[in-house]
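# What the coordinates show
If you want the building blocks of each chain, they are given just below.
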Amino acid sequence: MKQILNYSRHWMKAKGRHGTHSPFVYAFVERVLRNKNKIRTTQVQALAGWPATWTLRERKLLYKTLYFLKPAQVVLPGDGTLDWLGALLPGIVPAVAITHTRQPDPVANGGQCLLISSAAHITPDRLDAALEAGTGVLALHPHHHLCPQSKWEALYTDSRVKMSLDYWYFGLLLNDEAFKHKQHFRLR
């Protein structure tokens with residue numbers, strides 16, 4: 001019941017593509033959250049290996065997020081919790097380099113690097129290393145009952161995070177210098 005109430009609060013405060021005043025966020029909403037034609041249900045289901053606990057909506061949203069960002073490198077936790085995602089990534093982003101480590105290294109060839117981890121497992125050290133390395137962070141399930149709301153707030157309010165997107169199932173933290181000032185968006 002508490003999760004439903006929290007989702008209702010999120011949805012009431014969240015914005016769509018209008019009123020965001022950011023070309024990046026507008027494009028993100030159009031191509032990821034509102035685009036129903038890009039990814040077919042059969043394509044997402046064809047990628048075997050998804051955990052049984054993930055809903056079809058979560059699968060499609062993660063698929064579209066990674067397809068939109070097209071990172072050159074993805075850093076996954078070295079503890080084996082997201083090994084299933086490493087197996088799926090080449091089917092979503094064909095030219096991606098996958099690294100399993102606890103600390104991301106700076107991106108060598110200037111391409112975008114993305115650290116993917118459960119929001120509950122992102123420690124301040126991991127966030128520091130990712131932001132210093134110029135890596136974006138995709139936090140899985142930031143509103144899950146295992147991740148306290150205060151932890152998610154500490155992640156997106158960090159002074160080095162220039163752009164944060166909270167779209168309930170996932171949170172995207174970026175520190176790209178293209179964003180001139182700190183921005184946080186709740187999206188639906």
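Above this note sits the structure.
Residues numbered from 1 in each chain as written. Predicted model: local features only at pLDDT ≥ 70, side-chain atom pairs only at ≥ 80, totals over all residues. Heavy atoms only, no water.

By secondary structure assignment, the location of Asn175 is in the loop between strand E6 (170-174) and strand E7 (183-186). Once you skip the residues sitting within four places of it in the chain, Asn175 turns out to touch Leu131, Gly134, Thr135, Arg160 and Lys162. (Helix = DSSP H or I, 4+ residues; strand = E, 2+ residues; numbered from the N terminus. Contact = heavy atoms within 4.5 Å.)

To continue, consider the packing of aromatic side chains. Using the criterion set out here, one finds eleven aromatic pairs in the structure. Their ring planes at 80° and their centres at 5.4 Å tell us that Phe28 and Phe68 sit as a pair that is edge-to-face. Taken together, the positions of Phe28 in helix H2 (residues 23-33) and Phe68 in helix H4 (residues 56-69) put the pair 40 residues apart, joining distant regions of the chain. Here Phe28 and Phe68 have matching classes, each one buried. Every member of this aromatic cluster is reached through a ring pair, and the members are Phe24, Phe28, Trp50, Trp54, Phe68, Trp84, Tyr167, Phe170 and Phe179. Looking at Lys70, its charged tip hangs above the ring of Tyr67, at a distance of 4.0 Å from the centre. (Phe/Tyr/Trp six-rings, centres within 6.5 Å; stacked < 30°, edge-to-face > 60°. Buried < 20%, exposed > 50% of the residue type's maximum accessible area, 1.4 Å probe, protein only. Lys NZ or Arg CZ within 6 Å of the ring centre and 35° of its normal.)

On inspection of all chains with the given rule, the structure shows two salt bridges. The partner of Arg160 in a salt bridge is Asp128, with the nearest N and O atoms 2.5 Å apart. Highlighted residues: Arg160 in the loop between helix H7 (149-156) and strand E5 (163-166) and Asp128 in helix H6 (residues 124-132), separated in sequence by 32 residues. Residue Arg160 pairs with Asp158 through a salt bridge whose shortest N-O separation is 3.0 Å. By sharing partners, the salt bridges in this structure join Asp128, Asp158 and Arg160 into a single network. (Salt bridge = Lys/Arg side-chain N within 4 Å of Asp/Glu carboxyl O.)

A separate point is H6. Those residues of H6 lying buried are Arg126, Leu127, Ala129, Ala130 and Leu131. Next to the buried residues of H6 lie strand E3 (113-118), strand E4 (135-140), H7 and E6. Gly134 sits one or two residues past H6 and shows a positive phi near 75°.

A cluster of basic side chains, namely Arg34, Lys36, Arg57 and Arg188, defines a positive patch on the protein surface. Mapped onto the elements, Lys36 comes out in the loop between H2 and helix H3 (41-46). (Patch = residues over 30% accessible without salt bridge, like charges linked within 9 Å, V, L, I, M, F, W, Y side chains within 5 Å. Areas by Shrake-Rupley, 256 points an atom, 1.4 Å probe, with all protein chains shown as cover. Lys, Arg positive; Asp, Glu negative; His and termini not counted. Charge placed at Lys NZ, Arg CZ, Asp CG, Glu CD.)

Moving on, we get to H2. Since the α-helix turns once every 3.6 residues, residues separated by three or four places project in the same direction. All of the buried residues in H2 are Val25, Ala27, Phe28, Val29, Val32 and Leu33. Turning to H2, the residues buried within the fold contact H4, E5, E6 and E7.

Here the focus is the pairing of E7. Each regular strand displays side chains that alternate between the two surfaces of the sheet. On E7, burial follows the alternation: Gln183 and Phe185 on one face are buried, whereas His184 and Arg186 on the facing-out side are not. Sheet analysis places E5 next to E7, joined by four bridges and oriented parallel. Counted as the bridge partner of Asp166 is Arg186 from E7. (Pairing = 2+ DSSP bridges.)

Relative to the elements of secondary structure, Asp166 occurs in strand E5. At 3.0 Å, the side chain of Asp166 forms a polar contact with the side chain of His143. (Polar contact = N/O pair within 3.5 Å; in protein donor to acceptor, adjacent residues only side chain to side chain.)

A few words now on the environment of Ala120. Tracing the sequence through the fold places Ala120 in the loop between E3 and H6. A residue is classified by how much of its surface remains accessible, and Ala120, at 22% relative accessible area, is partly exposed. Dropping the residues within four chain positions of it, Ala120 is found in contact with Leu146, Cys147 and Lys151.

Once that is clear, we can look at the nonpolar core. Formed by 39 residues in total, the largest nonpolar core has its most connected members in Leu66, Ile116, Leu138 and Tyr167. Of all hydrophobic cores here, the second largest spans 16 residues; its members include Cys113, Ala119, Val137 and Leu173. (Core = buried A, V, L, I, M, F, W, Y, C linked by side-chain atoms within 4.5 Å.)

Residues Met163 and Leu165 point to one face of E5 and Ser164 and Asp166 to the other, with burial holding for every one of them. The pairing of E5 with E6 spans four bridges and is antiparallel. Considered in E6, the bridge of Ser164 is made with Leu173. Hairpin remark: E5 followed by E6, antiparallel, with three residues in the connecting loop; positive phi at Trp168, about 60°.

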